[in-house]
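Topology and contacts: notes
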Amino acid sequence: MADARPARSMGVEEEFLLVDPETGTASAASGAVLLIAEAEHDGDLTAELQLEQIETGTRPQVTPEALAAELHRTREQARAAASAVGAALAPLATSPLPAHPTVSPSPRYHRMVEQFGLTGVEQLTCGCHVHVAVGSDEEGVAVLDRIRAWLPPLLALSSNSPFWNGHDTRYASYRNQVWGRWPSAGPTGVFGSAAAYRAMEQAMLATETVLDPAMIYFDARLSRRHPTVEIRVADVCREIDDAVLIAALCRGLVTTAAQEWAAGRAPDPVPAPVLRLATWRAARSGLSGALLDPRTGRPAPARDVLTALIGHVRDALADTGDLGTVTALLDALLRRGTGAARQRAVSRRAGDLRAVVLDAIG
């Protein structure tokens, strides 16, 4: 680490299901959980669209080890608050068991459900959002333009939602399919400048289709609250190590993209519809089938695409001293399997989806 360059800070927001610890069914407990957290002076928990979920947020960190400790801390705080009201925290990106979500008591959330109907009513999904520091909006948009093609492999790595309301969807990340119902969600084209990015935001708001800027749900976007790029494509991860891996890869992508921009290298002009296909394939098969290789736009074995991803960010990872950590975390994930693979294995062994939820809450 003595030769490592200063690293950009990174932070992670994780969304979790709240479930009954006996039955495994989704529990509308977030209001009570937040009251417990507030009494404990814990500002790291926030509400989400549905009362059956909760969100945590880490403080910015500069090493994977420190980020892992933060994720342990925030998950444990959320678990303790949930346990205090008779609920449990489940790191699952969708509910395996049938669920009937309850909209949180927020005027904004109720407007969303009123405007978007069943899309809002059924939107019980949990993602992992990674924030990586950037020096300016201009650098941030340059990064967005250059990381687009590498986001689907991150989704495949994080895939943790094969079941939906009692059914095997035959997807590794069905969360991505449900999330994609929002009209503003998904991949983007090349913006070219911060001014063009802001103009796109204003054009979208002018349609009066989305309620506000927070509903611009790009797979990666400029944060409106922090000087960061926010990469939103991943499922919430069952394992903390997998969340750390995703975050470290995101930082590697951001660093690599910023260096390419500074060197005057143009972004890959791959069209957004092709990226949408790449995202669909990643959601469908996770790591068990072919992914689209960002270098060729053609299907390739998932392991080959992941090898290409590591090669793409290798210098950035080496510069921050993360290459060994990322390689070890990736090797461990490939040996263990994704969250989706774990869920299906538990389901096959136990013969019911309640066991899947109980396995996740540990």
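Look up a bit, the structure's there.
Let me sum up the structure you'll find in this document. Everything quoted here is computed from the prediction, not taken from an experiment.

**As for the side chain of R221**
Its place among the elements puts R221 in strand 8 (residues 220-222). The class for R221 is buried, based on a relative accessible area of 13%. Side-chain polar atoms of R221 contact the backbone oxygen of I216, separated by 2.9 Å. Setting aside its immediate chain neighbours within four residues, R221 contacts L144, Y197, P213, A214, I216, T228, V229, E230 and R232.

**Points about the packing of aromatic side chains**
The description of an aromatic ring pair rests on the distance of the ring centres and on the angle between the ring planes. Within the structure shown, the criterion is met by ten aromatic pairs. Considering the side-chain rings of F116 and W182, the 5.2 Å spacing of their centres and the 80° angle between planes classify their relative orientation as edge-to-face. On the criterion of sequence distance, the pair formed by F116 in helix 3 (residues 107-116) and W182 in the loop between helix 7 (174-179) and helix 8 (194-206) is long-range, its members being 66 residues apart. Accessibility assignment for this pair places F116 and W182 in one class, buried. Residues Y197 and F218 carry aromatic rings whose centres are separated by 6.2 Å and whose planes lie at 80° to one another, so their mutual orientation is edge-to-face. Linking Y197 in helix 8 with F218 in the loop between helix 8 and strand 8, this pair joins segments that are 21 residues apart in sequence. The buried category is assigned to Y197, whose relative accessible area is 1%. Here the aromatic cluster, defined as three or more aromatic residues joined through ring pairs, consists of F116, W179, W182 and Y217.

**Quick notes on helix 5 (residues 137-147)**
Among the eleven residues in helix 5, nine count as buried, and that is most of the element. Among all positions of helix 5, only E139, G140, V141, A142, V143, L144, D145, R146 and I147 are buried. Along its buried surface, helix 5 packs onto helix 6 (151-158), helix 8, strand 8, strand 9 (228-235) and helix 9 (240-262).

**Some words on the packing of helix 6 against helix 10 (residues 272-285)**
Contact pair helix 6 / helix 10: the axes reach a minimum separation of 8 Å and the direction vectors enclose 15°. Taken as axis vectors, helix 6 and helix 10 run roughly parallel relative to one another. Handedness of the helix 6/helix 10 crossing: right-handed. Each of P152, L155 and A156 in helix 6 lies in contact with helix 10, whose residues at this interface are L275, A278, T279, A282 and A283.

**Examining the pattern of salt bridges**
Under the definition given, this model contains 21 salt bridges. Here E139 ties to R8 by a salt bridge, and the two come within 3.2 Å at their closest N and O atoms. One end of the pair, E139, is in helix 5; the other, R8, is in the segment before strand 1 (10-19), and 131 residues separate them in sequence. The residue R198 makes a salt bridge to D137 at a minimum N-O spacing of 3.1 Å. Separated by 61 residues along the polypeptide, R198 in helix 8 and D137 in helix 5 bring together distant segments of the chain.

**A closer look at the environment of L18**
Examined against the element boundaries, L18 turns out to sit in strand 1. Assessed through its relative accessible area of 0%, L18 is described here as buried. Linking L18 and G362, residues 344 residues apart in sequence, is a C-alpha distance of 13 Å.

**Comments concerning the packing of helix 1 (residues 30-39) against helix 2 (residues 64-84)**
Direction vectors running N to C along helix 1 and helix 2 enclose 115°, while the axes themselves pass 8 Å from each other. Read as a crossing pair, helix 1 and helix 2 show a hand that is right-handed. Residues V33, I36 and A37 of helix 1 pack against A81, A82 and A84 of helix 2.

**What to know about unusual backbone geometry**
A positive phi angle is found at N165, which is not glycine, with a value near 50°. Position of N165 relative to the elements: it lies in the loop between strand 6 (163-164) and strand 7 (167-168). In the Ramachandran plot, R170 falls in the positive-phi region, its phi being about 70° despite a non-glycine side chain. Relative to the assigned elements, R170 resides in the loop between strand 7 and helix 7.

**A look at the nonpolar core**
Counting residues in each nonpolar core, the largest one holds 65 residues, and the members touching the most others are V130, I147, L154, I231, I246 and L249. Among the elements that make up this core, the one with the highest residue count is helix 9 (13 residues). In this view, I246 contacts V130, L154, L157, S158, A234 and C237; residues no more than four positions away in its chain are not counted. Core analysis: the next-biggest nonpolar cluster, separate from the first, contains 30 residues, L92, A99, V356 and A360 among them.

**Here's the deal with the environment of V178**
Inspection of the secondary structure puts V178 in helix 7. Since its relative accessible area comes to 0%, V178 is described here as buried. Spatially, the C-alpha atom of V178 lies 8.4 Å from that of E122, the residues being 56 residues apart in sequence.

The rules we used
Residues numbered from 1 in each chain as written. Predicted model: local features only at pLDDT ≥ 70, side-chain atom pairs only at ≥ 80, totals over all residues. Heavy atoms only, no water. Helix = DSSP H or I, 4+ residues; strand = E, 2+ residues; numbered from the N terminus. Buried < 20%, exposed > 50% of the residue type's maximum accessible area, 1.4 Å probe, protein only. Polar contact = N/O pair within 3.5 Å; in protein donor to acceptor, adjacent residues only side chain to side chain. Contact = heavy atoms within 4.5 Å. Phe/Tyr/Trp six-rings, centres within 6.5 Å; stacked < 30°, edge-to-face > 60°. Axes fitted to C-alpha atoms, helices over the stretch in contact; angles between N-to-C directions. Parallel < 35°, antiparallel > 145°, perpendicular 65-115°, else oblique. Left-handed = near helix turned anticlockwise from the far one by under 90°. Salt bridge = Lys/Arg side-chain N within 4 Å of Asp/Glu carboxyl O. Core = buried A, V, L, I, M, F, W, Y, C linked by side-chain atoms within 4.5 Å.

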